Structure formats: C-alpha cells, structure tokens
Amino acid sequence: MSDDVAAELREQFRTAFEGADFPVTDQMDLVPALPNGPGTRFEAGDVSFSAMELAAKLDGHQEFPYESVDELVDDVMAALDAEGVL
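1. Some points on the overall build of the protein
- Counting its secondary structure elements, the protein contains 3 helices and 2 strands.
- Tracing the protein from N to C terminus, the helices and strands come up as α-β-β-α-α.
- For 86 residues, the compact-globule formula gives about 12 Å, and the C-alpha radius of gyration of the protein, at 12 Å, lands near that figure.
- Burial analysis of the protein (86 residues in total) assigns 37% to the buried set.
- The contacts in the protein between residues at least 6 apart in sequence include a share of 55% that link residues at least 24 apart.
- Approximately 4,900 Å² of the protein is accessible, and the part contributed by carbon and sulfur atoms is 45%.
- Side chains of the protein give 4 positive and 20 negative charges; the mean places of these two sets differ by 5 Å.

This is the structure in structure tokens:
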C-alpha cells in the first residue's frame, strides 16, 4: 500500500474519531463520534471497510483506554499494518 493511502486513512480516522469523548475505554465509546455510526466507511485507494469491519480487524490489537485521538489513530494504523491491511 502506498504512503498516500495510509495517510488518507489516517486522516479519515482522525476526522471520524476526534469527536469522541476522550478518554475512551472501549470501542463502544467511539460509536457516537462516527458520522454514520457503525456503518461509517473508510476508503482510500483500493482499501475500503466499514467501522464494524475495522473493529473486527482491530480485535486483540487495541489497548484501551486512549487519552487522545492521536494515540488511538496511531494504534489503529499499527494494528492495520500488523494485519497486513496497510
């Protein structure tokens, strides 16, 4: 995956999750921040998945609580890289 696709996804995650009430203690704390709830889609290049699909990919990778959107997004990106999505 190109750096452009990773950067685009990072920005989409930041925009989607920045409205969450931090600190967040589990994935359910993030749902109200999503523009279309669990159906929110993240798309860049050939990569496309819903928030629900993202949650499944992140299972076992996230370490709650997160104190800031940047801390959360860094972990999301690392998890997607570990899962071979990036």
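After that view, the rundown keeps rolling.
2. Quick notes on the pairing of strand β2 (residues 47-50)
- Judged from the 4 bridges that link them, strand β1 (residues 41-44) and β2 form a sheet pairing that is antiparallel. By the bridge assignment for β2, R41 is matched with S50.
- In this antiparallel pair of consecutive strands, β1 and β2, the connection spans 2 residues, and G45 shows a positive phi of 55°.

3. Focus on a negative patch on the surface
- Where like charges cluster on the molecular surface, the negative patch consists of D3, D4, E8 and E11.
- By the element assignment, D4 lies in helix α1 (residues 3-17).

4. Digging into unusual backbone geometry
- The omega torsion across F22 and P23 is 5°, close enough to zero to call that bond cis.
- Note the cis peptide between F64 and P65, where omega equals 0°.
- Here P65 is to be found in the loop between α2 (51-58) and α3 (69-82).

Parameters at a glance
The written sequence of each chain sets the order in which its residues are numbered from 1. Predicted model: local features are reported for residues with pLDDT of at least 70 only, side-chain atom pairs are reported and counted for 80 or more only, and whole-chain, interface and lining totals are derived from all residues. Only hydrogens and water are set aside when side-chain values are computed; all heavy atoms of the structure are taken into account. A run of H or I in DSSP becomes a helix once it reaches four residues, and a run of E becomes a strand once it reaches two; helices and strands are each numbered from the N terminus. The quantity called the radius of gyration is restricted to C-alpha atoms. Its globule counterpart is 2.2 Å times the number of residues to the power 0.38. For each residue, the accessible area found with a 1.4 Å probe, counting protein chains only, is set against the maximum for its type, and the residue is called buried under 20%, exposed over 50%, and partly exposed in between. Residue contacts follow a heavy-atom distance rule, with two residues in contact if any of their heavy atoms lie within 4.5 Å. Throughout, the Shrake-Rupley method with a 1.4 Å probe supplies accessible areas, and for residues the shown protein chains are the sole cover considered. The charged-residue count follows a simple rule in which Lys and Arg add positive charge and Asp and Glu add negative charge, with His and chain termini not counted at all. Where a charge sits is defined by one atom per residue type, namely NZ (Lys), CZ (Arg), CG (Asp) or CD (Glu). Should DSSP find at least two bridges between two strands, the strands are regarded as paired. Each patch is built from residues lacking any salt bridge and having more than 30% relative accessible area; the joining distance is 9 Å for like charges and 5 Å for nonpolar side chains (Val, Leu, Ile, Met, Phe, Trp, Tyr). Counted as salt bridges are all cases of a side-chain nitrogen of Lys or Arg within 4 Å of a carboxyl oxygen of Asp or Glu.

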